[in-house]
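What follows is the residue order along each chain.
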Amino acid sequence: MTEVTFEEAQRELEQIVERLERGDAGVEELTQLWERGEELYRICAAKLEGVRGRIEELSRGAGQN
Amino acid sequence: MEGRRVYSVRAFNNGVATWLSRLPTLWVEGEITELRRQDRWASVFFTLKDPEDGACLAAQMPRGQFDALRLDLSDGERVHVFGRPELYEQRGELRLKVLTIERYGAGAHLAALERLKQSLAAEGLFAADRKRSLPRFPRLIGLVTGNDAAAKRDVLTHIVQRFPPANVVVAETYVQGPRAAPAIATAIGDLCRRGADVIVLARGGGSFEDLLPFSDERVVRAVASCPVPVVSAVGHEQDTPLCDLAADVRASTPTHAARVVVPDLEELRARLERARESLHRGAHRSAERHAIRLAAAHDRLRRAPLLALERRTARLDTVRARLGALSPTATLERGYAIVRRLDDVIRSTDQVAAGDAISVRVADGSFGATVE
């Protein structure tokens, strides 16, 4: 599977939830949707866990003369 | 050349200098240009220019006094200068020895600012339809701040608190004084080249003059033409530097800037958990709905044969009833009779003659008779 961004994964998860809540998914599809939803949840949760950003300083002088 | 009085250059200059020194101290109004100040110099030099016809006057002021005024003058600023003329004897150059400087006309500044605002607005730089929305999850946040630290620390702290995965690249620049505007504009460009997908301009509160660089046309244009969205968090709520108008989002404080530029991780987590719960609930509910529909179908299936039989029986009964209504029995019971000669049913007197044998059918049977 290609790497999805957190935003994409979250959006897809919420779309799946919406579909399920509408209740018009077929039985086979239901299982697929649920599994995909769980997978997306895991992707999102993993992305939120333990990631620390970086703060870097642009070398002084680069932005000025 | 007898009797001619000749002066040495030095003596001449000295004479003029002495004569000049008798002139009173006075106020001169002009624009500051070519301001030259260096820490190792004893004096600060600038040229006072007449804004009307460009006439120039060299001016010099002891650096200590100049610094003590803390005016942060930039080129082109209108000032009133208090001083007296003197001659730099070594070079025979006239200049104004400055005792003090007063910035002249915040009103004039305001008017200039207003004119700039109008013309940039007319160009459409502040138009609402130019405003872009910020990325929901910025890859790299470019932060332009001064080294005054407070604003920078505020923004960074709040960004990291809200969203620990944030990547930030900070460009420290001058944020006040004559060098600030070009430095800020350059920093914006540098950060974009570094791959920032959103830029935050942050500067704490300051005087009207302090915030002027953020109304400088160069900065406003840099913000407006920035390829990625810009958040302006300059000064306090009541300040509206022109860069605020050109920015895609205006933040009232550095904290506010952090809030608009990154999502809240805790909120994201909560939302994710809610989505998961809904996923389970939704899947469960869908499955239940399918089960109920299936049970209902099964029920109907079971009842179907009986139902069909019942329906058929009912139809048969109806037919029999209708058939009964059509049979002559009921009519005979009311007293009518069917008369036959041989096998023909008699409908007319022409069909019989006296002496013919006929049979008469009544409700409960038949009997023979003879026509008279």
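Each remark here, short or long, concerns the structure printed above.
Residues numbered from 1 in each chain as written. Chains lettered and ligands numbered in written order. Predicted model: local features only at pLDDT ≥ 70, side-chain atom pairs only at ≥ 80, totals over all residues.

> Give me the packing of helix α1 (residues 6–22) of chain A against helix α9 (residues 265–326) of chain B: which residues, what numbers.
The contact between α1 of chain A and α9 of chain B brings their axes to 8 Å, and the two run at 30°. On the basis of the axis angle, α1 of chain A is roughly parallel to α9 of chain B. The element α1 of chain A and its partner α9 of chain B pack so that their crossing is left-handed. For the pair formed by α1 of chain A and α9 of chain B, the contact residues are Q10, L13, E14, I16, V17, L20 and E21 of chain A on the first element and L272, A275, S278, L279, G282, A283 and S286 of chain B on the second. Looking at the contact of α1 of chain A with α9 of chain B residue by residue, the classes come out as eight nonpolar, four polar and two charged. (Axes fitted to C-alpha atoms, helices over the stretch in contact; angles between N-to-C directions. Helix = DSSP H or I, 4+ residues; strand = E, 2+ residues; numbered from the N terminus. Parallel < 35°, antiparallel > 145°, perpendicular 65-115°, else oblique. Left-handed = near helix turned anticlockwise from the far one by under 90°. Contact = placed C-beta atoms within 7 Å. Nonpolar A, V, L, I, M, F, W, Y, C, P; charged D, E, K, R; others polar.)

> I'd love a proper account of α1 of chain A, names of residues and values included.
Here α1 of chain A is 17 residues long and its end C-alpha atoms lie 24 Å apart, about the 24 Å a rise of 1.5 Å per residue gives. Residues F6, A9, Q10, L13, I16, V17 and L20 of chain A constitute the buried set of α1 of chain A. Projected down its long axis, α1 of chain A shows its buried positions confined to an angular sector of 125°, all on one face. Turned more than 90 degrees from where α1 of chain A packs its buried face, E18 and R22 of chain A sit exposed. In this structure, the buried side of α1 of chain A is in contact with α2 (27–48) of chain A together with α9 of chain B. (Expected span 1.5 Å × (residues − 1). Buried ≥ 20, exposed ≤ 12 C-beta atoms within 10 Å, placed from the backbone. Arc of directions from axis to C-beta.)

> Outline the interface of chain A and chain B, listing residues and values.
Between chain A and chain B, the residue contacts involve 32 residues of the former and 34 residues of the latter. Looking at the side of chain A that touches chain B, the elements with two or more residues in it are α1, α2 and β1 (55–57) of chain A. Sorting elements by how many residues they give to the side of chain A that touches chain B places α1 of chain A first, with nine residues. Across the side of chain A that touches chain B, the residue classes break down as 17 nonpolar, seven polar and eight charged. Looking at chain direction, β1 of chain A and strand β7 (residues 168–172) of chain B are connected through three bridges and run parallel. Each residue of the ladder has a partner; that of E57 of chain A, found in β7 of chain B, is V170 of chain B. (Pairing = 2+ DSSP bridges.)

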